[in-house]
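Now for the letters of each chain:
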Amino acid sequence: MYLHLGQDVLVREKDVIAILDLETTTTISRITKDFLKTMETEGFVKDVSPGALPKSFVICSNDKQSMVYITNISAKALLGRVSGDTGVKLKFKESEANG
């Protein structure tokens, strides 16, 4: 199965390591900010939402390379697109899950 990230970009679900909310993870963790900066410097970040407000990022890896995709689709919406056959999971705060 494939996961649509926007701008005609599809990734194999089995290559998805994590789907993360951009605002939450970068405001809480300096490690996440440093990771994203390093990946961008090394050329492993692809923005699939040019001109739009980025909402989440997806970390993917396969035998050939690792890549981070920045997308304007929320992490919750992306998780809803993932089939039940993968190990991809996303944890939300209780208020987000109910509202």
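What counts and how
- Here the residue index of a chain counts from 1 through its sequence in written order.
- Only residues with pLDDT of 70 or above have their local features reported here, since the model is predicted, and side-chain atom pairs are shown and tallied only from 80 upward, although totals for entire chains, interfaces and linings are computed over all residues.
- Remark: hydrogens and water are excluded; side-chain values derive from all non-hydrogen atoms of the structure.
- By definition, any uninterrupted DSSP run of H or I lasting at least four residues is a helix, any uninterrupted run of E lasting at least two residues is a strand, and each is numbered from the N terminus.
- For every residue, the predictor assigns a confidence score, pLDDT, that lies between 0 and 100.
- Here, two residues are considered to be in contact whenever any of their heavy atoms come within 4.5 Å of each other.
- Counted as salt bridges are all cases of a side-chain nitrogen of Lys or Arg within 4 Å of a carboxyl oxygen of Asp or Glu.
- Summary of the burial criterion: residues with accessible area below 20% of their type's maximum are buried, those above 50% are exposed, and those between are partly exposed, where the area comes from a 1.4 Å probe applied to protein chains only.
- Two strands qualify as a pair provided DSSP detects at least 2 bridges between them.
- Axis geometry follows a simple rule: fit a line to the C-alpha atoms, using only the stretch in contact for helices, then measure angles between N-to-C directions, giving values from 0 to 180 degrees.

Novice: Go over the environment of L53 with me, naming the residues and quoting the values.
Specialist: Here L53 lies in the loop between β4 (45–47) and β5 (56–61). Remark: the alpha-carbon pair of L53 and N72, spanning 19 residues in sequence, is separated by 5.8 Å.

Novice: Could you give me a rundown of the confidence of the model for the chain, with the residues and numbers involved?
Specialist: Detailed reading of the predicted model is not advised wherever pLDDT is low. With 84% of its residues at a pLDDT of at least 70, the chain reaches an overall mean of 85. Segment residues 92–99: pLDDT under 50, and 6 contacts once partners within four positions in sequence are set aside and those in other chains are kept.

Novice: Mind laying out the pattern of salt bridges, listing which residues take part and the relevant values?
Specialist: Under the definition given, this model contains 2 salt bridges. The partner of R12 in a salt bridge is D15, with the nearest N and O atoms 3.0 Å apart. Of the residues examined, R12 reaches a relative accessible area of 32% and is grouped as partly exposed. Here R30 ties to D34 by a salt bridge, and the two come within 4.0 Å at their closest N and O atoms. Here R30 and its partner D34 are both found in helix α2 (residues 30–41), 4 residues apart, which amounts to about one turn of the helix.

Novice: Lay out the sheet that holds strand β6 (residues 66–71) in plain terms, naming residues and giving numbers.
Specialist: Across the sheet, 4 strands lie side by side as β3-β5-β6-β4; this open sheet has mixed pairing. Unpaired on one side and paired on the other, β3 (16–21) and β4 mark the two borders of the sheet. Between one strand axis and the next, the sheet turns by 20° as a mean value, whatever way the strands run. In this sheet, β6 lies alongside β4 in parallel orientation, the contact comprising 3 bridges. From the neighbouring strand, K46 faces β6, where its bridge partner is Y69. Across the sheet, α2 lies against β4, β5 and β6, angled at about 110° from β6, the strand it touches most.

Novice: Got a sec to walk through the environment of D15? Specific residues and values, please.
Specialist: Mapping D15 onto the fold places it in the loop between β2 (9–12) and β3. You can call D15 buried: its relative accessible area is 10%. Separated by 52 residues in sequence, D15 and M67 place their C-alpha atoms 9.8 Å apart. Leaving out residues up to four positions away in the same chain, D15 has contacts with I59, C60, S61 and N62.

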